[in-house]
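This is what each chain is made of:
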Amino acid sequence: MPVAKMKAVGLYRYLPISDPESLLDVEVERPRPQGRDLLVQIRAVSVNPVDTKIRAPKDRVESTPKILGFDAAGIVVETGPECQWYKPGDEVFYAGSNVRQGTNAEYHLVDERIVGRKPKALSFAEAAALPLTSLTAWEALEDRLGFSLDPGANRGTSLLIIGAAGGVGSIATQLAKRAGFTVIGTASRPETKEWALQHGADHILDHTRPFRPQIEALGFRDVDAILCLNATDKHWEQMADVIAPQGKICSIVETSTLLNLELLFGKSVTFAWELMFTRPRYQTADMARQRDILNRVADLVDAGEIQSTMTEHLSPINAENLRKAHAKLESGRTIGKIVLSGF
């Protein structure tokens, strides 16, 4: 019986994005679902900073193509024997796992426990912009910082979001505003400031300038919580300065330098990391919470309470367009999410 093949975009060597071999159009074997896997026909994907970090130049050569990509929206075409929640024909969206092949392919395997139903109100492209950022923002605010995201639950609580106009920030501001926070977002350009205000920020700080004078100019002595979405080490001392006693800080950005936790000691401040891939990577007992979060996000979208953060749409999904998307991400000047659709 002949082996079924599929189109994909992958790499053999880790090269600068300007190199035409940094991402290549390839043909690979179409996978088969096992256990609780879904085989999803990919209709759209989006790119994230983690894609560029994985692809970044390093001395390693792959013997078979490594396929990148996490965010996806598509249609279930086949299910593993242990699947309980989905069937062929279901429209889904998800952010995948960092220990499996990625979504930049015609077909993709994903564990059903981290898959949500695609919002009915959105196209596949619009839906593909949401999973990774929504999961990261939701887990950071509820699971790591311990806040409820119920409507109005945090009235009177101030939240500083560093990097409010990026992919995660664009969702975090919407969720936080709905949950009643006084949202102080950071942005440094006129267009990013406007984007953050449109998506729920009450106030804007310029993260290229000292935080404290700007916080005080807004009438705040300090902030109750901080969600750091950019350059943890760069902003660390300023975060320690403006966080309230017994406040909470969560960051999603790893650092190569040691953080001075002593700066938080006198205020009894809680610090937590958030990595969306933790649950699928370690197959945690609560792994299906990601399915639940994505389904709640879909409900909010369909109710008109939050919106897709897609700002650019490229087609088709191929190496040339993915190289363009990676280059734009690496420029550090993107707003919202870049999406690609169709093979």
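Residues numbered from 1 in each chain as written. Predicted model: local features only at pLDDT ≥ 70, side-chain atom pairs only at ≥ 80, totals over all residues. Heavy atoms only, no water.

**With respect to the pairing of strand S7 (residues 107-111)**
Burial analysis of S7 places five of its five residues in the buried class, the great majority of the element. By the alternation rule, side chains of S7 split into Tyr107, Leu109 and Asp111 and His108 and Val110, which are all buried. The pairing of strand S3 (residues 37-46) with S7 spans five bridges and is classified as antiparallel. Across the sheet, the residue bridging to Asp37 is Asp111, located in S7. (Buried < 20%, exposed > 50% of the residue type's maximum accessible area, 1.4 Å probe, protein only. Helix = DSSP H or I, 4+ residues; strand = E, 2+ residues; numbered from the N terminus. Pairing = 2+ DSSP bridges.)

**Examining helix H11 (residues 319-330)**
With 12 residues, H11 extends 16 Å from end C-alpha to end C-alpha; this agrees with the ideal 16 Å at 1.5 Å per step. By the burial criterion, the buried members of H11 are Ala319, Asn321, Leu322, Ala325, His326 and Leu329. One side of H11 holds all its buried residues, which, seen down the axis, span an arc of 160°. Against strand S1 (5-14), strand S2 (24-29), helix H1 (49-55), strand S15 (310-314) and strand S16 (337-341) lie the buried residues of H11. At the exit of H11 stands Gly332, carrying a positive phi of roughly 75°. (Expected span 1.5 Å × (residues − 1). Arc of directions from axis to C-beta. Contact = heavy atoms within 4.5 Å.)

**Overview of the UniProt feature "domain: Enoyl reductase (ER)" (unreviewed entry) in the protein chain**
When the UniProt feature table is mapped onto this chain, "domain: Enoyl reductase (ER)" (unreviewed entry) is found at residues 18-340. Taken end to end, residues 18-340 is 31% helix and 27% strand, and its first and last C-alpha atoms sit 19 Å apart. (UniProt positions renumbered as here; feature names shortened; annotations may be inferred.)

**Examining the nonpolar core**
Membership of the largest hydrophobic core comes to 78 residues, with the highest contact counts inside it found for Tyr94, Leu175 and Leu227. Residues within four places of Tyr94 in sequence aside, it is in contact with Val40, Ile42, Phe70, Asp71, Ala72, Thr103, His108, Val110, Ile114, Val115, Pro131 and Leu294. Counting residues in hydrophobic clusters, the runner-up holds 19 residues, among them Leu160, Cys228, Trp236 and Ile249. (Core = buried A, V, L, I, M, F, W, Y, C linked by side-chain atoms within 4.5 Å.)

**Points about the sheet that holds S2**
Spatially, the three strands line up as an open sheet ordered S2-S1-S4, and their pairing is antiparallel. Edge positions in the sheet fall to S2 and strand S4 (58-67), since each has one partner strand and no second. In this sheet, adjacent strand axes meet at a mean angle of 30° when their direction is disregarded. With six bridges joining them, S1 and S2 adopt antiparallel strand pairing. Its bridge partner lying in S2, Val9 is registered against Asp25. (Axes fitted to C-alpha atoms, helices over the stretch in contact; angles between N-to-C directions.)

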